[in-house]
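Below are the chains, spelled out letter by letter.
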Amino acid sequence: MSGLRVLAVDDEQPALEDVAYLLRADSRIGEVLTARDGSAALRLLDRAIADGRPVDAVFLDIRMRGLDGVVLGRLLTQFTRPPKIVFVTAYEDHAVDAFELKAEDYLLKPVRPERLAEAIRRVCGGREEPGPGPQADTIPVELGGVTRFVASTEVRYVEAQGDYARLHTATGSHLVRIPLATLEERWASAGFLRVHRSHLVAVKHIDELHIDSGRCVVRVGGAEIPVSRRHTRELRDLLVRRARKGQGAVNGR
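Described below are features of the structure shown in this document. Only a predicted model underlies this, so the values are computations on that prediction, with no experimental measurement involved. (Residues numbered from 1 in each chain as written. Predicted model: local features only at pLDDT ≥ 70, side-chain atom pairs only at ≥ 80, totals over all residues. Heavy atoms only, no water.)

**Quick notes on the overall build of the protein**
- A tally of helices and strands in the protein yields 7 helices and 15 strands.
- Relative to its 253 residues, the protein shows a buried fraction of 44%.
- Taking the intrachain contacts of the protein between residues at least 6 apart in sequence as the baseline, contacts between residues at least 24 apart amount to 54%.
- Counting every atom, the protein has about 13800 Å² of accessible surface; 48% of that belongs to carbon and sulfur. (Helix = DSSP H or I, 4+ residues; strand = E, 2+ residues; numbered from the N terminus. Buried < 20%, exposed > 50% of the residue type's maximum accessible area, 1.4 Å probe, protein only. Contact = heavy atoms within 4.5 Å. Areas by Shrake-Rupley, 256 points an atom, 1.4 Å probe, with all protein chains shown as cover.)

Below you can see the structure in the form of structure tokens.
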């Protein structure tokens, strides 16, 4: 059978039937399994692995009796080959949990077909990505009552605002309830560098670096971002190494 093999989990039968119906209507879905609670979902997933036909993605409700969706999601991340996770919930207050679990998407009930189609696209993209290279991390943001995920590759720099962080992209900014220190650790491998106690910068988006009278700033797009003295040398050396590497690639063509 071609297409994705997915599992829908919800303890409310009408909601489960609705999601399963929408999933089966998508040509990218090959088979839809269903479970009414977290324990049943785990048994089904174990059986699928034993049969040699593991599930590609789990469309998971959060607030369920017994084993809730967040706990189940954490268990899924421990699998040798964890399925992709898409949360489907009536509640907006678990988006940070979804971020920490690296969920592909976060859908609010009632699920709109176009949003489900976008979630399936994300799942397909993750499954079809060639090679073992790192995937772009994502973070949930609220836009007009709709939760969508912004990829780390879209973010130019991050600004601390108390216990929150503001993500700056080419098209705007988004305030999220995640400390800057958390993003610094999470996105270090994605090329982000802490340049100031209140700023995290995607190095690839730095256009210019200026040092004047001991004061260092970098330009990212139209923004000037201060660089603290303790980070200046590290950043300057990193940019020089990148420039030399790029020049070497040009000369070695």
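**What about the nonpolar core?**
- If you look at the biggest cluster of nonpolar residues, it comprises 25 residues, and the most contacted ones within it are Leu7, Val9, Val58 and Phe87.
- Elements with a contribution of two residues or more to this core: β1 (4-9), β2 (29-35), α2 (38-50), β3 (57-60), α3 (69-76) and β4 (84-89).
- Not counting residues within four places of it along the chain, the set of residues in contact with Val58 comprises Leu7, Val9, Leu45, Leu76, Pro83, Lys84, Ile85 and Val86.
- Counting 20 residues, the second-largest nonpolar core is a separate cluster that includes Val6, Val86, Leu107 and Leu116. (Core = buried A, V, L, I, M, F, W, Y, C linked by side-chain atoms within 4.5 Å.)

**Notes on the side chain of Asp26**
- Tracing the chain through its elements places Asp26 in the loop between α1 (13-24) and β2.
- Residue contacts for Asp26: discarding those within four places in its chain leaves Ala117 and Ile120.

**Thoughts on the environment of Thr89**
- Along the chain, Thr89 falls in strand β4.
- Using a relative accessible area of 0% as the deciding quantity, one classes Thr89 as buried.
- Taking the C-alpha atoms as reference, Thr89 lies 8.4 Å from Pro110; in sequence the two are 21 residues apart.
- Setting aside its immediate chain neighbours within four residues, Thr89 contacts Asp61, Ile62, Tyr106, Leu107, Leu108 and Lys109.

**A few points about α2**
- With 13 residues, α2 ought to run about 18 Å at 1.5 Å a step, and its terminal C-alpha atoms sit 18 Å apart, in line with that.
- Within α2, the full set of buried residues consists of Gly38, Ala40, Ala41, Leu44, Leu45 and Ala48. Seen end-on, α2 carries its buried residues on one side only, within an arc spanning 155°. The exposed residues of α2 that point more than 90 degrees off its buried face are Arg43 and Ala50.
- Along its buried surface, α2 packs onto β1, β2, β3 and α3.
- At the N-terminal boundary of α2, the capping side chain belongs to Asp37, with an oxygen 3.1 Å from the backbone nitrogen of Ser39.
- Once α2 ends, the next one or two residues include Gly52, with phi positive near 80°. (Expected span 1.5 Å × (residues − 1). Arc of directions from axis to C-beta. Polar contact = N/O pair within 3.5 Å; in protein donor to acceptor, adjacent residues only side chain to side chain.)

**Digging into the pairing of β4**
- Counted residue by residue, β4 has 6 buried out of 6 residues, so it is predominantly covered.
- Of the two faces of β4, the one carrying Lys84, Val86 and Val88 and the one carrying Ile85, Phe87 and Thr89 are both buried.
- The pairing of β3 with β4 spans 4 bridges and is parallel. Counted as the bridge partner of Ala57 is Lys84 from β4.
- With α3 bridging β3 and its parallel neighbour β4, the resulting β-α-β unit is right-handed. (Pairing = 2+ DSSP bridges. Right-handed = clockwise from strand over helix to strand, strands pointing away.)

**So, the sheet that holds strand β14 (residues 215-220)**
- Taken in spatial order, the 3 strands line up as β13-β14-β15 in an open sheet, and their pairing is antiparallel. Unpaired on one side and paired on the other, β13 (206-212) and β15 (223-227) mark the two borders of the sheet. The mean angle between the axes of side-by-side strands here comes to 25°, regardless of whether they run parallel or antiparallel.
- As defined by bridge partners, β14 adjoins β15 across 5 bridges and the pair is classed as antiparallel. Bridging from a neighbouring strand, Cys216 pairs with Val227 of β15. (Axes fitted to C-alpha atoms, helices over the stretch in contact; angles between N-to-C directions.)

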